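As a plain string of letters, each chain reads:
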Amino acid sequence: MDFNTRVVAPEERDTPDNAVSPPIFQTSAFAFHDVDAVDQLLGGSQGGYSYTRGGNPNFDALARFIAGLEHAEAAVVTASGTGALLAGILTLAPSPVRLLVSREIYGGTVGLSRRLLTPLGYRMEWVDLHDPAAVAAACAGPPAILLAESISNPLGRVAPLDEVIRTAHAASVPVMIDNTFATPFHAEPLAWGADVVVHSLTKFIGGHSDLILGVVAGSRDRMAAARALVASAGLTPDPFATWLALRGARTLAIRMERASANALALATALEVHPAVHRVYYPGLASHPDHAVAQRLLARGSGAIVSVALAGGYDAVQSMVRRLQLVRFVPSLGDVATTLSHPKVASHRELSPDEQEAVGIDGRVVRISVGIEQVADVIDDFYGALGKEAAS
Ligand SMILES: *Cc1c(COP(=O)(O)O)cnc(C)c1O
């Protein structure tokens, strides 16, 4: 079935009393009629649930749904996207290895690596995914895993990940892809050979800025390990958040279709505004990864457009103050268009040198394009940037 149909099709047909919307199992634990029943469940010879930290029907419904979208054998939901990154890394590498981290990556991933994993003995190394020789050189040597994003946060870099993954696998380096920006609507990293895919469900899949949640997806064996890890580490989400995420995800296809079409229109309009120094959107011919994006991404290039303003940080500041419709929100993936400032917010964890190396400076704003009538969004930006170039 087509993606548009699969996101809408009800996951569960046999709900209590045939409820069309699945119930919320907002319970910390489940009751048993005798000791044997508990023993069988915890021993694994009987299916079911005993304690929500270890599992809950709402978690499983969402996990099955995401696994279906990503064509993964299984998935495990976590309390946040960051929890999913941690679960994914520890599943691929339970004891310290080198973490080969794409130069273009979310600042929180760097924070997790530096603050938590480096003190435990993992060694973070930057890798330039656009340089095949550098990827091969990084993968050779002591055991490692490689972390990358299908569309990078915030400048929309799209590396030739199918080739990167082949190179990594030739050196026995497993690969984890953060698919948050692309969502399975635009990209299926497991089809490129990735070992594990993670998402911040907080963003486009949840889609309504009302929850914090993550998911890790991959093979049945790996996800069994991830599930045990999530339960042991207490990375478990809340049942209501998983119910909300599944509710939001039903409209993922239609939201992404509209938002990515809007993103292309906004990027095209901003590219010709004289106050704009540069627009970063992989759907534009001017983006360095346009050809790779055309090859690897389906149905468009996603809903994130980053822009460097010619007037620098001061121009950003005055634009943000003058926008009427678009709000500054240090997140992304809402139905409404929002914007953020990577240097000050999402990529704070990077040193100024590291920010500079990937092109993040005070001039850059990251726009998460929503599903509005795009002319209104373009008008808002043109109004805030000064009327002189209004089309
Ligand atoms: C937000 C984000 C995360 C972290 O997700 P949380 O749900 O905030 O923990 C990870 N990766 C990317 C690309 C993100 O944008």
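What counts and how
Residues numbered from 1 in each chain as written. Predicted model: local features only at pLDDT ≥ 70, side-chain atom pairs only at ≥ 80, totals over all residues. Heavy atoms only, no water. Axes fitted to C-alpha atoms, helices over the stretch in contact; angles between N-to-C directions. Helix = DSSP H or I, 4+ residues; strand = E, 2+ residues; numbered from the N terminus. Parallel < 35°, antiparallel > 145°, perpendicular 65-115°, else oblique. Left-handed = near helix turned anticlockwise from the far one by under 90°. Contact = heavy atoms within 4.5 Å. Nonpolar A, V, L, I, M, F, W, Y, C, P; charged D, E, K, R; others polar. Salt bridge = Lys/Arg side-chain N within 4 Å of Asp/Glu carboxyl O. Near = heavy atom within 4 Å. Polar contact = N/O pair within 3.5 Å; in protein donor to acceptor, adjacent residues only side chain to side chain. Domains from an automatic or database assignment. Buried area = accessible area lost by both parts, 1.4 Å probe. Pairing = 2+ DSSP bridges. Phe/Tyr/Trp six-rings, centres within 6.5 Å; stacked < 30°, edge-to-face > 60°. Buried < 20%, exposed > 50% of the residue type's maximum accessible area, 1.4 Å probe, protein only.

(A) Layout of the packing of helix α4 (residues 81–92) against helix α5 (residues 107–117). One way to put it is that α4 packs onto α5 with a least axis distance of 10 Å and a crossing angle of 60 degrees. With respect to α5, the axis of α4 lies oblique. Considering only the axes of α4 and α5, their crossing is right-handed. Residues T82, L85, L86, I89 and L90 of α4 touch α5, and the partners they reach there are T109, L112, L116 and L117. Looking at side-chain class alone, the contact of α4 with α5 contains seven nonpolar, two polar and no charged residues.

(B) Structural context of the pattern of salt bridges. Considering all chains together, one arrives at 11 salt bridges under this definition. A salt bridge links E125 to R98; the nearest nitrogen and oxygen atoms lie 3.1 Å apart. Of this pair, E125 sits in strand β3 (residues 123–127) while R98 sits in strand β2 (residues 98–102); the two residues are 27 residues apart in sequence, bridging distant segments of the chain. Residues participating in the shared-partner salt-bridge network are R98, R123 and E125.

(C) Fine view of the site of the ligand. Close to the ligand lie 13 residues; T82, D178, S200, T202 and K203 are nearest. At 2.6 Å, a side-chain N or O of D178 approaches a nitrogen atom of the ligand. At 2.7 Å from an oxygen atom of the ligand is found a side-chain nitrogen or oxygen belonging to T202.

(D) Seen up close, the environment of V369. By the secondary structure assignment, V369 is in the loop between β12 (364–368) and α15 (374–385). Along the sequence, V369 and Y122 sit 247 residues apart, while their C-alpha atoms lie 36 Å from each other. In contact with V369, other than residues within four places in its own chain, are A259, N262, A263, L266, A303, V305 and T337.

(E) The domain arrangement of the protein, seen in detail. Domain boundaries in the protein define domain 1 (35–249) and domain 2 (252–385). Here the C-alpha centre of domain 2 lies 25 Å away from the C-alpha centre of domain 1. Between domain 1 and domain 2, the residue contacts involve 43 residues of the former and 42 residues of the latter. In total, about 3400 Å² of surface goes out of reach between domain 1 and domain 2, with carbon and sulfur atoms giving 60% of it. Among the residues domain 1 hides against domain 2, the three largest losses belong to L155, F185 and F204. Together they make up 24% of the total. For the interface between domain 1 and domain 2, the tally reads five salt bridges. Remark: the boundary between domain 1 and domain 2 carries 26 residue pairs in polar contact (both at pLDDT 80 or more). Mapped onto the side of domain 1 that touches domain 2, the elements with two or more residues apiece are α5, α7 (161–170), α8 (183–186) and α10 (239–249). Among the elements that line the side of domain 1 that touches domain 2, the one with the most residues is α5, at six residues. When grouped by side-chain class, the residues that make up the side of domain 1 that touches domain 2 number 21 nonpolar, 14 polar and eight charged.

(F) Up close: the sheet that holds strand β1 (residues 74–78). On the basis of which strands lie adjacent, the open sheet formed by seven strands has the order β1-β7-β6-β5-β4-β2-β3 and mixed pairing. Edge strands, defined here as strands with exactly one partner in the open sheet, are β1 and β3. Shown here is a sheet whose adjacent strand axes are inclined to one another by a mean of 20 degrees, direction ignored. Pairing of β2 with strand β4 (residues 144–149) involves four bridges; the strand directions are parallel. Following the sheet pairing, V101 is matched in β4 by L147. Contacts from helix α6 (residues 132–139) reach β2, β3 and β4, with the element oriented near 165 degrees to β2. Packing against the sheet, helix α9 (residues 220–233) makes contact with β1, β6 (196–200) and β7 (214–218), and its axis sits at approximately 20 degrees to β1.

(G) Local environment of unusual backbone geometry. In this structure, the amide linkage connecting N153 to the following residue, P154, adopts the cis form with an omega of 10 degrees. With respect to the helices and strands, the residue P154 is situated in the loop between β4 and α7. Here H71, not a glycine, exhibits a phi torsion of approximately 50 degrees, which is positive. Looking at the secondary structure, you find H71 in the loop between α3 (57–70) and β1.

(H) Seen up close, the packing of aromatic side chains. Within the structure shown, the criterion is met by three aromatic pairs. Consider the rings of F3 and F185, whose centres lie 5.7 Å apart with planes at 65 degrees: the pair is edge-to-face. Note that F3 is positioned in helix α1 (residues 3–6) and F185 in helix α8, a separation of 182 residues in sequence. The pair formed by F3 and F185 is uniform in burial state, with each residue classed as buried. Judged by centre distance (5.7 Å) and plane angle (35 degrees), the rings of F30 and Y49 are tilted. One end of the pair, F30, is in the loop between α1 and α2 (35–43); the other, Y49, is in the loop between α2 and α3, and 19 residues separate them in sequence.

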